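This is what each chain is made of:
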Amino acid sequence: MKKIFNIILLGSLVLFNVGCDDALVTEPRQSVSAEVALTDITGVRSLIISGYDRLQGAGYYGQQMILGAETLADNATVTNAQSNRYLTWSINNFGTHFGIWANAYAGINEMNFIINADLNSITTTAEANQLRGEALFLRALMYFDLARVYGYEPGREVNGFQESVIIREQPTSTSSQADFRPRSSNQEVYAIIERDLNEAIPLLTGTNRFRVTTGAARALLSRVYLYQSKWQQAEEMATSALANTAATMVDASVNPAAYRLSFASAPHPESVFELAYNAQTETLGFNESLNSLTLRQGGPVAGSGGWGDVIPTQDLLSIFLPEDSRIENFISDVKQGQTALFSRKYAGTVGPFTDNVPLIRLSELYLIRAEARVRQGGAKLVEGLADLNFLRSRRFPSTFAFQVVTTNQQEAIDAIFTERRLELFFEGHRFFDLKRTGQDIRKGATGAVQFSDTRVLAPLPQAQVDLNPLLNQNPGY
Amino acid sequence: MRKVLLLGLALLFVGASAFAQSRVVTGTVISADDRLPVPGASVTVKGSTIGVATDLDGRYSLSVPEGNNVLVFSFIGLRSQEQAIGNRSVINVTLESDITSLNEVVITGYGTTVKRELTGAIASVKGEAFENMPVQSFDRALQGRAAGVQVTATSGAPGGGINVRVRGVGSINAGNEPLYIIDGVQVASGGLGSQASNNLLNSINPNDIQSIEVLKDAATAAIYGAQAANGVVIITTKKGKAGKTQFNLTVQEGTVNRIRKIPVMSAEQLATIKIEAFENRFNRIGPSATNGTSLEDARQRAINVYGDPATVQNTDWQDAVYRTGRSRTVDFSANGGDDKTKFFLSTSYNLNEGQIIKSDFERGTVRLNLDHRANERLSFDVNMSLATTTQNGAIADGAFINSPFFAALFTLPNQPIFREDGEYNAPLPGTFGYNLVQSVEFETRRLVRNQTVSSMAANYKISDKLRWRSFIGIDYAFARDDNYRDARVPQFAPTGGSAFVAGRTLLNWNTNHTISYTDVFNDVHRLSVLGGTEFRVEENEEFSASGQGFPNGLFRSLQNAATPTAVNGFYTTWRLGSFFMNAKYDYNDKFLASATARYDGSSRFGANNRWGLFYSAAGAYRISSEDFLKDVTWLEDLKIRASYGVTGNSNIGNFASRALFGSGGDYVNLPGIRPSQLGNDDLTWERAETWNFGLDFALFGNRVYGSAEVYDRKNKDLLLNAALPNDSGFGSITTNIGKVQNQGIELELNTVNIDRGNFKWSTAFNISFQRNEILELDGRENIGNTLRVGFPVSIYWQAEYAGVNPADGRAMYRDTLNNITYNPQGRDLKYVGSPLPRGFGGLTNTFSYKGLSLEVFFQGQWGNENLNNTAFFTDAAGGAGWNQTVSQLGRWRQPGDITSIPKAYEGVEPGVTGSRANTFSTRQIEDASYIRLKQVTLGYNLPASLVSRMNLRAVRFFVQGINLLTFTAYTGFDPEILATDIGRYPQSKQLTGGLTVSF
């Protein structure tokens, strides 16, 4: 009896095992396996979207790369009573810093899939070029952000510390490809950024300024040159970008509100490249949006605002002349007994808690070219001041003596840096401008942060340093 | 089934003895427990084979041959009784319950056994232990009643989530929840729906439950193979009893209140400390735009926001959002049947209003359990349950500024609820801008769930020794979320009001087919073998839609929305196929052995490792059966046990082994895709290797009985997300690495302390000690700060708080060299505690005197620390723009003050980042040990004489209290939580009174 029983059991085990492997097959529905994802051009079109989506997050241009660069520097501080956001940034608390490592590298890996794919076999040459150009640009932008957050610019090293970030140019498809790598030098990283942008420039034919255009690639490259003190190349590339964009200058010389209102149109007329947000599906909402962080709910800007934590410093406000149209951007409000001026650059104009983020504006190109020219000295100094004064002519009433006139190179540079604060405040430039030129950060009551201070560089994620024996932490962390 | 068999056998005896009768004895057999007739009890003439079984009304009639003078009455679960006949012709017998009976039936995997034959560790809790307890789900009722089983509420919301941990935490990333099986149906646990903390197990009316068994060691659980590593909880609902149909009606009504109110400052106190904070800042850094021009100006700036202490009005925001909730239960059941068909039928209604405004739980259930014997060989059993639950939720647990139980602590007390014109005062100034009374009132958060857990089985008796059983069970739930955010709340105004609706479907079914064989050789060798196959499928599907822009707050449904904003869908599934086998051998009731094997295949695992083998072996030795102990009369039973086995844990993502591209966000209305994970074809089960040693004992005529267990469980091949360098584009890959050990000792002790006259006092006590340690990670000593080799799987790794510098009021911490620092760095952090308890237990004392009974149940745990994350914000030493705890008034004020609370300082003092509440340290780590008077029940049964005059069987009045007293040093709402305490819906105190009528 037992014998028969055992035979039946064993027999059914075998049958069951064979039949059951099929019964255990399941397929996910909202995901597809990696093998089939990129065999069709629609997959590649969707993958490039992920690259833009990476930029939108609150840890990236959606919030921290913008407000972090203001609060870590001397442009912005926090209100007395706040939601604990940016409090530690405003005092340069040890360890508080940008944290784009994982997100940027995830985006780089996605762009690597596109850059290394044979797009010509699945679509037209024009589309293949445009997609490849966008992927190259986005990869370059992410490497540029990684390089300026985690390392010094070439020529600006403190104690000769040249380590920048890890370079990966191939997609990771299997876990064995996720090998440990050391950081490359800042020269090497900047070199691939330049190479990618140079390759992208002729490939790009699109004109939508919410997507990457050839003008955007030229503009970013001019900024990349500027960060490396490659003045002549920066100047040339800025000129090239100015000639290749659909952006137009806003003139606030007659209507002082024009500067403020330009931030309420999408795209911003001066945007060479603008990060767009859909108000329903892409908004960062009450908790994380730029709108919520910079304007108070129930404040004077109707229908928008939230925490209202981040406000301009007295130091920033003190450099505005009363005639400057840009001062019109600020609005006075009383938050929990504290009277302060708030910025209206992110006034919820796309929708509730939603604003587009201009990443490169025409005025920045003029400022890049002005600086690049002035730094070259000689006759270029005059040309540089002309760029600066052209911008100022669009910001001050023509009746006002807005011209900067000097023959002193340092005075001209100082004027350009002041102008950058006046023009680009709350757009994520200030901290990096100080850093790329080796300047200390003046912080009022809490004292200055020296350029040689540990806190000028972001700490690498400690878990990554612990994991990867080849990865060195930044000095002092 | 046993009853029916006995009945049949007994009837045969009657026929055989018909010719020798000389006198007839009649009578009724009733049970002492419930005073109900016992059908199917056997009545035999001592020393003969003559006997009869009682009928459905417990009556018997037996012809007793001359010369025989003693009758033996017996029934399973009741203590046998002998009666001398004498001259009597009517003998009525009351059989006492054999409470400590070693013959108590215990449910095991795919079968039952009796307690004396157990070779493994099973905790068994009978339904009576929690009958009529006002809890929404049975898992909560397990708390403190089963050794080795730690039960913690993840939320105190009525009907909310529960965490059950059987013998500690063995997994880091895979689930730690046990497998739940309700009447053979392997059900999904956890929640379904987003609008309130909810629990799929609350569809079962706890009063329908006959018993809950927790399979704790490998010997008992290994038959569930890959799902068994976290233990198995088997729930068995009540069955019908043959006999006259019996009805039970219970009505219960009560109140729900908060356990604790956190002492926060009054408006006057807050204004006082804020003025000091503003003045201190002025004194530190002098006049400025934010500080004001003078000390008086700084003071005035504080008054502008927080009011003047001399005149300010106070609002108690905690009182504003708490209330006395009502609870109500109506429970009706009927059971009965005949020898062919038996049924248990029940219906219930439960309402439990939370102690927070607008949060409640409402449930209706219907159940029908049916057994039918078609013929001598074929029988069916069917269990059907239907439940509908409606929960109105408070916001999910967490640090939300619109969460009533979180934000009420922080809302500024100088702000009134209503303005003078009678409108809500909203938005409030500051971070906590929601007027909670308004936002809770105007927001709809509703979760409706309809669920059935039903099954059907056919049993076929191939021969007396060989039986076949086929089973199919289904667990189906549909949950609908409704959220409406009214534009009248200023924070919701920008959207013009918004609505969110989601529908979630859970379909989960399993079927198994078993064949079992039992035999006895030479009267001493008993063998039983079981083999079978099983298949389980679970599917989850969701859709959701949202819209915004509503005409006004009266239009709240999605079709009124001006703009549809999002549509979403989600689907996931997994499957499990299995083959299993179990053999038991028993030699003369002295030596017991068992072996189990299960071969499982899961769709979750990699193609190379889809199938796994799990097994166990166990033995037991009944020392008390040895001859040399025969004379030790006080020793009823003494048995030692040992088991070893390997079980699996497969609670990982359903597609964790696949390389996938998934959704990659949107950009300008275009949908993106991105690689979401790397594949791992080698991914396989976590293996739990468990040793268990046990001791069962019964002493002094079963007045003292219990068991002790010692176990050691090593969980290997942990499904750990092995870190990948982020620069590869991926953060981790799920692989099998890492090892965790759990060890423990458990003791269960039951005693009858006094049983004299009508007074009885009995005690049930259980206690568990456990320790947990990570033995191995992915080769590194630590992953992040909180996973560290040599420490428990859950720890706090923080700076040590060293109090306040008496000279200047700054907060001090210890650095690595034990020196004072004001700005602790990463290297200064260290192990400061673990939320895993070192031990826990429960103590029940039951007193009864005639119809009166009193049950007092304490439950507690110790050796665990909690991060009181709420205190991180409330204990801000006057420095933050929100209300704070009264304890902060003990702040440092002048040089020489000795206190642990820093100086009040508005904002952050230059150079002192640690001074305010932005540094986590031991300051927020608290001992969360507690002992809680979990339940007190006082009951009174009307005397039987009175009741029978009313034509009823029994009438019982009772009052009970839940969570009446708590002894703890913990300062947060509730120590009975898991780990980090931030914005948890606290548990409630309940008082109810009720009446049960049986007829």
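Residue numbers restart at each chain and count upward from 1, following the sequence in its written direction. All chains are assigned letters beginning at A, and all ligands numbers beginning at 1, according to the order in which they are written. Two thresholds apply to this predicted model, a pLDDT of at least 70 for residue-level local features and 80 or more for giving and counting side-chain atom pairs, whereas whole-chain, interface and lining totals are computed over all residues. Water and hydrogen atoms play no part in the side-chain values, which are based on all heavy atoms of the structure.

- Going by what an unreviewed UniProt entry lists, chain B is known as TonB-linked outer membrane protein, SusC/RagA family and is assigned to Belliella pelovolcani.
- UniProt positions are given in the numbering used here, feature names are shortened, and annotations may be inferred rather than shown by experiment. The annotation that UniProt attaches to chain B under Subcellular location (unreviewed entry) is "Cell outer membrane".
- UniProt's Sequence similarities (unreviewed entry) comment on chain B is quoted here verbatim: "Belongs to the TonB-dependent receptor family."

- For chain A, the name recorded in an unreviewed UniProt entry is SusD family protein, with Belliella pelovolcani as its organism.
- If you open the UniProt record of chain A and go to Subcellular location (unreviewed entry), you find "Cell outer membrane".
- As stated in UniProt under Sequence similarities (unreviewed entry), the record for chain A gives "Belongs to the SusD family."

### Quick notes on the overall build of chain B
For step 1, the next point in the chain: A helix here means a DSSP run of H or I that spans at least four residues, while a strand means a run of E at least two residues long, and both kinds are numbered starting from the N terminus. Scanning chain B for helices and strands turns up ten helices and 51 strands.
For step 2, the next point in the chain: To get the radius of gyration, use the C-alpha atoms; to get the globule rule, take the number of residues to the power 0.38 and multiply by 2.2 Å. In terms of overall size, chain B behaves like a compact globule, its C-alpha atoms giving a radius of gyration of 32 Å where 999 residues would be expected to give roughly 30 Å.
For step 3, the next point in the chain: For chain B, the spread of C-alpha atoms along the three principal axes comes to 115 × 70 × 65 Å.
For step 4, the next point in the chain: For chain B, the residues scored as buried account for 59% of the 999 residues in total.
For step 5, the next point in the chain: Whether two residues are in contact is decided by their heavy atoms, any of which lying within 4.5 Å being enough. If you take every contact in chain B between residues at least 6 apart in sequence, the share linking residues at least 24 apart comes to 69%.
For step 6, the next point in the chain: Per element, the accessible surface of chain B, about 37,800 Å² overall, is 56% carbon and sulfur.
For step 7, the next point in the chain: Counted charges follow a simple rule, with Lys and Arg positive, Asp and Glu negative, and His plus the chain ends left uncounted. By convention, the point assigned to a charge is CZ for Arg, NZ for Lys, CD for Glu and CG for Asp. Charged side chains of chain B number 94 positive and 94 negative; the gap between the two group centres comes to 3 Å. Accessible area is worked out with a 1.4 Å probe on protein chains only. A residue is then buried under 20% of its type maximum, exposed over 50%, and partly exposed in between. Per-residue accessibility takes into account occlusion by the displayed protein chains alone, with areas from the Shrake-Rupley method and a 1.4 Å probe.

### Here we look at the sheet that holds strand 13 (residues 179-182) of chain B
Note on sheets: strands pair through backbone hydrogen bonds, and any given pair is parallel or antiparallel.
All names here are of chain B.
For step 1, the next point in the chain: The criterion for strand pairing is that DSSP finds at least two bridges linking the strands in question. Spatial strand order, 10-15-16-13-14: five strands in an open sheet with mixed pairing. What marks the edges here is a single partner per strand, and that holds for strand 10 (122-126) and strand 14 (185-187). Strand-to-strand, the axes of this sheet are offset by a mean angle of 20 degrees, without reference to chain direction.
For step 2, the next point in the chain: As judged from the three bridges shared by strand 13 and strand 14, these two strands associate in the antiparallel manner. Among the inter-strand pairings, Ile182 is bridged to a residue of strand 14, identified as Val185. Here an axis means a line fitted to C-alpha atoms, over the contact stretch when the element is a helix, while the angle between two N-to-C directions is reported on a 0 to 180 degree scale.

### Concerning the pairing of strand 51 (residues 988-998) of chain B
Residues and elements named next belong to chain B.
For step 1, the next point in the chain: Summarising the sheet, strand 17 (residues 243-258) and strand 51 pair through eleven bridges and their orientation is antiparallel. If you follow Arg258 over to strand 51, its bridge partner there is Ser988.
For step 2, the next point in the chain: In this sheet, strand 51 lies alongside strand 50 (residues 954-968) in antiparallel orientation, the contact comprising nine bridges. Looking at the pairing, Arg956 lines up with Thr996 of strand 51.

### Concerning the pattern of salt bridges
For step 1, the next point in the chain: Counted as salt bridges are all cases of a side-chain nitrogen of Lys or Arg within 4 Å of a carboxyl oxygen of Asp or Glu. Counted according to the given criterion, the structure contains 99 salt bridges over all chains.
For step 2, the next point in the chain: Note that Asp297 of chain B and Arg301 of chain B form a salt bridge whose closest N and O atoms lie 3.5 Å from each other. Taken together, the positions of Asp297 of chain B and Arg301 of chain B, both in helix 5 (residues 295-306) and four residues apart, correspond to about one turn of that helix.
For step 3, the next point in the chain: On the accessibility criterion, Asp297 of chain B (21% relative accessible area) is partly exposed.
For step 4, the next point in the chain: Residue Arg526 of chain B pairs with Asp586 of chain B through a salt bridge whose shortest N-O separation is 2.4 Å. Taken as a pair, Arg526 of chain B in strand 25 (residues 525-548) and Asp586 of chain B in strand 26 (residues 563-587) lie far apart in primary sequence, 60 residues in all.
For step 5, the next point in the chain: Residue class for Asp586 of chain B comes out buried when judged on its relative accessible area of 5%.
For step 6, the next point in the chain: Taken together, the shared-partner salt bridges in this structure form one network comprising Glu270, Asp324, Arg326, Lys345, Arg361, Arg392, Arg395, Glu419, Glu423 and Glu427 of chain A.

### Considering the packing of aromatic side chains
All names here are of chain A.
For step 1, the next point in the chain: A pair of Phe, Tyr and Trp rings is counted when the ring centres sit within 6.5 Å of each other, with Trp represented by its six-membered ring. The angle between the planes then sorts it: under 30 degrees is stacked, over 60 is edge-to-face, the rest tilted. Under the counting rule described, the total for this entry stands at 62 aromatic pairs over all chains.
For step 2, the next point in the chain: Between Trp89 and Phe98, the ring centres sit 5.6 Å apart and the planes meet at 70 degrees, which makes this aromatic pair edge-to-face.
For step 3, the next point in the chain: With a relative accessible area of 7%, Trp89 lands in the buried category.
For step 4, the next point in the chain: You can call Phe98 buried: its relative accessible area is 3%.

### Quick notes on the domain arrangement of chain B
Accessible area lost on assembly of the parts is the figure often given for the size of an interface.
For step 1, the next point in the chain: Domain segmentation is taken from an automatic or database assignment of domains. One can read the domain layout of chain B as domain 1 (19-95), domain 2 (101-241) and domain 3 (267-313 + 877-909).
For step 2, the next point in the chain: Centre-to-centre, using C-alpha coordinates, domain 1 of chain B lies 39 Å away from domain 2 of chain B.

### Section: the pairing of strand 7 (residues 357-361) of chain A
Residues in a regular strand point their side chains to alternate faces of the sheet.
Residue and element names in this part refer to chain A.
For step 1, the next point in the chain: Burial analysis of strand 7 places five of its five residues in the buried class, the great majority of the element.
For step 2, the next point in the chain: Inspection of the sheet shows strand 3 (residues 271-275) paired to strand 7 by four bridges, in the antiparallel sense. The partner of Leu275 across the bridge, within strand 7, is Val357.

### Some words on unusual backbone geometry
For step 1, the next point in the chain: Residues Ala266 of chain A and Pro267 of chain A are joined by a peptide bond in cis, for which omega reads -5 degrees.
For step 2, the next point in the chain: Structurally, the position occupied by Pro267 of chain A is in the loop between helix 11 (257-262) and strand 3.
For step 3, the next point in the chain: In this structure, the amide linkage connecting Ala426 of chain B to the following residue, Pro427 of chain B, adopts the cis form with an omega of -5 degrees.
For step 4, the next point in the chain: Note that Pro427 of chain B resides in the loop between helix 7 (404-407) and helix 8 (436-442).
For step 5, the next point in the chain: Although it is not a glycine, Asn159 of chain A adopts a positive phi angle of roughly 55 degrees.

### Observations regarding helix 5 of chain B
Residue and element names in this part refer to chain B.
For step 1, the next point in the chain: How far a helix is expected to stretch is found by multiplying one less than its residue total by 1.5 Å. Compared with the 16 Å implied by 1.5 Å per residue over twelve residues, the 17 Å span of helix 5 between its first and last C-alpha is a close match.
For step 2, the next point in the chain: All of the buried residues along helix 5 are Ala298, Ala302, Ile303, Val305 and Tyr306.
For step 3, the next point in the chain: Looking at the buried positions of helix 5, the neighbouring elements they touch are helix 4 (267-285).
For step 4, the next point in the chain: Trailing helix 5 by a residue or two, Gly307 shows a phi angle of about 90 degrees, which is positive.

### Quick notes on the nonpolar core
For step 1, the next point in the chain: Buried Ala, Val, Leu, Ile, Met, Phe, Trp, Tyr and Cys residues form a nonpolar core when they are joined through side-chain atoms within 4.5 Å. Residues Phe137, Tyr143 and Leu146 of chain A are the most contacted members of the largest nonpolar core, which totals 179 residues.
For step 2, the next point in the chain: Element by element, the count of residues in this core is highest for helix 7 (residues 125-150) of chain A, at 15 residues.
For step 3, the next point in the chain: Contacts of Phe137 of chain A, omitting those with residues within four sequence positions, involve Leu197, Ala200, Val212, Ala216, Ala217, Leu220 and Phe273 of chain A.
For step 4, the next point in the chain: Ranked by size, the runner-up nonpolar core spans 30 residues in total, among them Ala146, Val164, Leu201 and Ile204 of chain B.

### Brief notes about the UniProt feature "domain: SusD-like N-terminal" (unreviewed entry) in chain A
For step 1, the next point in the chain: Per the UniProt record, "domain: SusD-like N-terminal" (unreviewed entry) is found at residues 67-226 of chain A.
For step 2, the next point in the chain: Taken end to end, residues 67-226 of chain A has its terminal C-alpha atoms 22 Å apart, with 51% of it in helix and 2% in strand.

### Quick word on the interface of chain A and chain B
For step 1, the next point in the chain: Every contact between the two is made by 84 residues of chain A and, on the other side, 87 residues of chain B.
For step 2, the next point in the chain: Buried area between chain A and chain B, summed over both chains or domains, comes out near 7,200 Å², and the portion from carbon and sulfur atoms is 63%.
For step 3, the next point in the chain: For chain A, the biggest contributors to the area lost against chain B are Leu24, Thr26 and Gln336 of chain A; these three give 10% of the whole.
For step 4, the next point in the chain: At the surface where chain A touches chain B, the tally comes to three salt bridges.
For step 5, the next point in the chain: Between Arg674 of chain B and Asp53 of chain A there is a salt bridge, and its shortest N-O distance comes to 2.7 Å.
For step 6, the next point in the chain: For the purposes of these results, a polar contact is taken to be a pair of N or O atoms within 3.5 Å, where, inside protein, one atom must be able to donate a hydrogen and its partner to accept one; residues adjacent in sequence count only when each atom of the pair is a side-chain atom. Connecting chain A to chain B are 15 residue pairs in polar contact (both at pLDDT 80 or more).
For step 7, the next point in the chain: Contributing elements (two or more residues each) for the side of chain A that touches chain B: helix 1 (2-23), strand 1 (32-33), helix 2 (34-37), helix 3 (41-56), helix 6 (101-115), strand 3 and helix 19 (462-467) of chain A.
For step 8, the next point in the chain: For the side of chain A that touches chain B, the element with the most residues is helix 1 of chain A, which contributes eleven residues. Accessible area that two parts lose when put together, with a 1.4 Å probe and added across both, is what the buried area reports.

### A few points about helix 16 (residues 379-393) of chain A
Residues and elements named next belong to chain A.
For step 1, the next point in the chain: Across its 15 residues, helix 16 extends 21 Å between first and last C-alpha, which sits within 8% of the 21 Å expected from 1.5 Å per residue.
For step 2, the next point in the chain: Within helix 16, the full set of buried residues consists of Leu381, Gly384, Leu385, Asp387, Leu388, Asn389, Leu391, Arg392 and Ser393.
For step 3, the next point in the chain: In the core, the buried residues of helix 16 are packed alongside helix 15 (362-376) and helix 17 (409-424).

### Here we look at a nonpolar patch on the surface
All names here are of chain B.
For step 1, the next point in the chain: A contiguous nonpolar patch, built from Tyr849, Leu852, Leu938, Tyr940, Phe957, Val959 and Leu995 and spanning about 600 Å² of accessible area, is present on the exposed surface.
For step 2, the next point in the chain: Elements with a contribution of two residues or more to the nonpolar patch: strand 49 (930-941) and strand 50.
For step 3, the next point in the chain: Residue placement: Val959 occurs in strand 50.
For step 4, the next point in the chain: Residue Val959 is classed as partly exposed on the basis of its relative accessible area of 45%. Patches were defined on residues exceeding 30% relative accessible area and lacking a salt bridge, with like-charge contacts within 9 Å and nonpolar side-chain contacts (Val, Leu, Ile, Met, Phe, Trp, Tyr) within 5 Å.

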